Amino acid sequence: MPQYLYHDAKAGGYYSRLVIPDDVRHHFDGKREFKKRWAVAKWREIESSHLEFIAEKKREIRAARSLIQASDGSPLLSPRERRIRRQAGLQESLTPFASLSAKSDVQNIIKLWFHSRLREERQADMYLLAHHDPDSPEVQGEIEGNEIDTATIRFNGGHQNEDYLKTIQGVADRILSSAGYFVSYDDRNSELYKDAITFTHSALLELLALRRRRLIGEQETSTSPLLYEGVNETLGSPSGLKPVSPAGGVTWTALVEKFISIHGRSVSSKTLSGYRSAIDLANEIFGLDTQVSEITPEMCFDWNDIFPVVPANAKKIYKGKTLREAAEIAISKGLPRRAANTHLTQITRLKTIFNFAIDEGIIQKSPARKLSARAKVAQSGDRNYSIAQINAILESPPFKEFALNKLSHAQKDDCWAILIALFSGARQNEICQLLVSDVKQEDGVDYLDINENASIGKNLKTASSQRKIPIHPALIKIGLLDYVADLKASDEQWLFPIIQKRSNPSDAFSKRYNYFLKRHIGKTEGDRICFHSFRHTFNYWAYKSANAQMDREKIKAILGWQQKEMIDAQYGGQYAIRALFNEIEKLKYPGLRMGHLVKN
């Protein structure tokens, strides 16, 4: 995508944007930027018009600068001279680096930055691990990226490397600048600045090493003890960085409120409800006013023993009873325990809250660190569907009626959602919130436009989830485009209107699908298959199976995973829709029986 050209995920379409420099802004009546939206649909027309627009506005800026400088008698400055003046202004506003004389002062600044960055990364990783299995593509992708970053930092750390100044030095300069210090060209030859570079290099490697251990489930152990020695806070920092240090006196209720206020904005309502389920029982066992530092491992083991036997919806079923009392009633009646997967998920959530307390400096060690699901259920099968299971789905009574066009609207919607998941690998929420207008065509290829529109409740999991998925030829043969045409003729907005009529469409669909699996496929308690298994199955037959033929990076673009080359690429990645179609049509499910679904 050309520079200064952006895609508007909410409103659709593209727009050009060019920021007006401060020194000429008054010439344009205080405007901060030039911005123009493009109504044309063809990419080549957009690109050509965009380049002309940017070139024209840059000429206007140059002309305005010349006019201003000529009118006040100041000389016309070259870009290099303006850069020197900006640096001089920055130097006047910050304290010179040369005012630092002690090596310990420089190390203190970098330590403050290190501890702040460490807290941020821990919180992000705990959130990631709380929502994904350790062997999931999301986690494995982060581990792979961590290894690449580590190799880059180690390589650039060599003092003989030409890229050394561009990588490590750039980070060190930003750290010092955020602490209020300006590094001049003369400072770069000083021994103190070289010490800053070396210490910054160590801090970067330590952050990467700790992150890798977190992601692969190992204990975080330090390889650079100097980074953890007491930080002298007398220097302070404009950004308010504080080293991690214990600070007791925080109650369990205060910790939970702080955790919810910070993490509640970044998780779904369903996930937040799951956290509250773990918190409700902890409130009873720990006590609302108990200081976090006084919560013991024994209390956590008590929570761990009770949670699996607390019935689902216990507050509704046993009104007026505590959760402990509800658990005792469930035991006396011989009611089934919670599923092992549910128990493990809630243990992870409780641990996440205590890890958050560690990151906030409230406690030093988690009392829940040794918790585990003591009564695990043996899990049969894999997260992928076998070909036999897919055939059983496609030959079930609902799909036989679907083939004969005898289904109700709700069942028809469900069948199409299943078929789209099988041949696109899209997530459940992405499929359930598709609009009729999201089925588009470009370069002769029909595709699904996976996008975000908060105004109508459409949301995506990550930024890389926004993409274009070519429609697999099998879906066209079954009649997906005919189904879309019928919806357009009826002026329907949603691709699955019946699904969207629920208050929580994705959840309602998920419950119906799980019922479908139990009734028609014979899913048991230990089976790991669910609707998300279609995504795993797509990935397996596209890349991991013996006869897989698809390119790995293009699979990532189709599935909406972050790609190595996507630093500046957005919306469908760097691949043309035709290239993605040529790749997705290679997807084959050997032995799949779906001839009864194909339209004549």
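Residues numbered from 1 in each chain as written. Predicted model: local features only at pLDDT ≥ 70, side-chain atom pairs only at ≥ 80, totals over all residues. Heavy atoms only, no water.

Focus: the side chain of Lys-468
By the secondary structure assignment, Lys-468 is in strand S8 (residues 467-470). Overall, the relative accessible area of 13% leaves Lys-468 in the buried class. (Helix = DSSP H or I, 4+ residues; strand = E, 2+ residues; numbered from the N terminus. Buried < 20%, exposed > 50% of the residue type's maximum accessible area, 1.4 Å probe, protein only.)

Some words on helix H18 (residues 480-489)
Considered for burial, the residues of H18 that qualify are Leu-480, Tyr-483, Val-484 and Leu-487. The buried residues of H18 occupy one face: seen down the axis, they fall within an arc of 100°. Turned more than 90 degrees away from the buried face of H18, the exposed residues are Asp-486 and Ala-489. Just downstream of H18, Asp-491 is the residue with a positive phi angle, here 60°. (Arc of directions from axis to C-beta.)

What to know about the sheet that holds strand S3 (residues 33-38)
Whenever strands of a sheet pair, they do so through backbone hydrogen bonds, lying parallel or antiparallel. If you trace the 3 strands from one edge of the open sheet to the other, you get S1-S2-S3, paired in antiparallel fashion. Edge strands, defined here as strands with exactly one partner in the open sheet, are strand S1 (5-7) and S3. This sheet shows a mean twist of 25° between the axes of neighbouring strands, independent of strand direction. Where strand S2 (residues 14-19) meets S3, 6 bridges bridge the pair, whose relative direction is antiparallel. When the bridges of S3 are listed, Tyr-14 appears paired with Trp-38. (Pairing = 2+ DSSP bridges. Axes fitted to C-alpha atoms, helices over the stretch in contact; angles between N-to-C directions.)

A look at the packing of helix H7 (residues 252-263) against helix H12 (residues 340-359)
As a packed pair, H7 and H12 sit with axes 10 Å apart at the nearest point and diverge in direction by 95°. It follows that H7 is roughly perpendicular to H12 by the angle criterion. Contact with H7, carried on its side by Trp-252, Leu-255, Lys-258, Phe-259, Ile-262 and His-263, involves Leu-350, Thr-352, Ile-353, Phe-354, Phe-356 and Ala-357 of H12 and no other residues of that element. A per-class count over the contact of H7 with H12 returns 9 nonpolar, 2 polar and 1 charged. (Parallel < 35°, antiparallel > 145°, perpendicular 65-115°, else oblique. Contact = heavy atoms within 4.5 Å. Nonpolar A, V, L, I, M, F, W, Y, C, P; charged D, E, K, R; others polar.)

Here we look at the side chain of Glu-583
By the secondary structure assignment, Glu-583 is in helix H23 (residues 577-584). Polar contacts involving the side chain of Glu-583 include one to the main-chain amide nitrogen of Asp-551, which spans 2.7 Å. Residues within four places of Glu-583 in sequence aside, it is in contact with Gln-549, Met-550, Asp-551 and Lys-554. (Polar contact = N/O pair within 3.5 Å; in protein donor to acceptor, adjacent residues only side chain to side chain.)

Focus on the sheet that holds strand S6 (residues 439-442)
The strand order across the open sheet formed by 3 strands is S6-S7-S8, and the pairing between neighbours is antiparallel. Of all the strands in the sheet, the pair left with one neighbour each is S6 and S8. The mean angle between the axes of side-by-side strands here comes to 45°, regardless of whether they run parallel or antiparallel. As judged from the 4 bridges shared by S6 and strand S7 (residues 445-450), these two strands associate in the antiparallel manner. If you follow Val-439 over to S7, its bridge partner there is Leu-448. Its contacts with the sheet put H23 on S6, S7 and S8, and the angle it makes with S8 is roughly 45°.

Thoughts on the pairing of S2
Both S1 and S2 contribute to a ladder of 3 bridges, which runs antiparallel. The partner of Tyr-6 across the bridge, within S2, is Tyr-15.

Some words on the confidence of the model for the chain
For any part of a model where pLDDT is low, the fine detail of the predicted coordinates should not be relied upon. Mean pLDDT over the chain: 79, with 81% of residues reaching 70 or higher. Across residues 232-248, confidence stays below pLDDT 50; counting only partners more than four residues off in sequence or on other chains, it has 36 contacts. In this model residues 564-572 is a low-confidence stretch, pLDDT under 50, and it forms 19 contacts with partners more than four residues away in sequence or in other chains. (pLDDT = per-residue confidence, 0-100.)

Thoughts on the pattern of salt bridges
As enumerated under the stated definition, the model contains 20 salt bridges in all. Of the charged contacts, one joins Asp-449 and Lys-440 as a salt bridge, the two residues approaching to 2.7 Å between their closest N and O atoms. Exposure remark for Asp-449: the relative accessible area of 1% places this residue in the buried category. A network of salt bridges, in which partner residues are shared, links Arg-117, Glu-121, Asp-125, Glu-142, Arg-211 and Arg-214. (Salt bridge = Lys/Arg side-chain N within 4 Å of Asp/Glu carboxyl O.)

Quick word on the packing of aromatic side chains
All chains considered together, the criterion is met by 22 aromatic pairs. Between Phe-402 and Trp-416, the aromatic rings sit 5.3 Å apart at their centres with planes inclined by 85°, giving edge-to-face as the arrangement. Of this pair, Phe-402 sits in helix H14 (residues 397-403) while Trp-416 sits in helix H15 (residues 409-424), and the two are 14 residues apart along the sequence. When its relative accessible area of 6% is taken as the criterion, Phe-402 is described as buried. One aromatic cluster is present, built from ring pairs that chain together Tyr-385, Phe-509, Tyr-513, Phe-516, Phe-531 and Phe-534. Above the plane of the ring of Tyr-275 lies Arg-349, whose end atom (NZ or CZ) is 5.5 Å from the centre. Lying across the ring of Tyr-543, Arg-552 places its NZ or CZ 4.3 Å from the centre. (Phe/Tyr/Trp six-rings, centres within 6.5 Å; stacked < 30°, edge-to-face > 60°. Lys NZ or Arg CZ within 6 Å of the ring centre and 35° of its normal.)

Thoughts on the environment of Leu-480
As for its placement among the helices and strands, Leu-480 is situated in helix H18. Once the C-alpha coordinates of Leu-480 and Leu-419 are considered, the two residues, 61 residues apart in sequence, prove to be 9.5 Å apart. The contact partners of Leu-480, leaving out residues within four places of it in the chain, are Trp-416, Ile-420, Ile-471 and Leu-475.

Some details on unusual backbone geometry
Although it is not a glycine, Asp-443 adopts a positive phi angle of roughly 55°. The residue Asp-443 is located in the loop between S6 and S7 in this model. The exposure class assigned to Asp-443 is exposed, which follows from its relative accessible area of 54%. A positive phi angle is found at Asp-491, which is not glycine, with a value near 60°. Tracing the sequence through the fold places Asp-491 in the loop between H18 and helix H19 (497-500). Its relative accessible area of 70% is what places Asp-491 among the exposed residues.

Regarding the nonpolar core
With 66 residues, the main nonpolar core has Ile-393 and Phe-399 as its most contacted residues. Tallying contributions element by element places H15 first for this core, with 9 residues. In contact with Phe-399, not counting residues within four places along its chain, are Ile-393, Leu-394, Cys-415, Ile-418, Leu-419, Phe-516 and Leu-597. By size, the runner-up hydrophobic cluster in this structure holds 38 residues, among which are Val-256, Phe-259, Ala-282 and Ala-357. (Core = buried A, V, L, I, M, F, W, Y, C linked by side-chain atoms within 4.5 Å.)

Focus on the environment of Gln-169
When you line up the elements, Gln-169 lands in helix H5 (residues 164-178). Residues Gln-169 and His-201 lie 32 residues apart in sequence; the distance between their C-alpha atoms is 8.9 Å.

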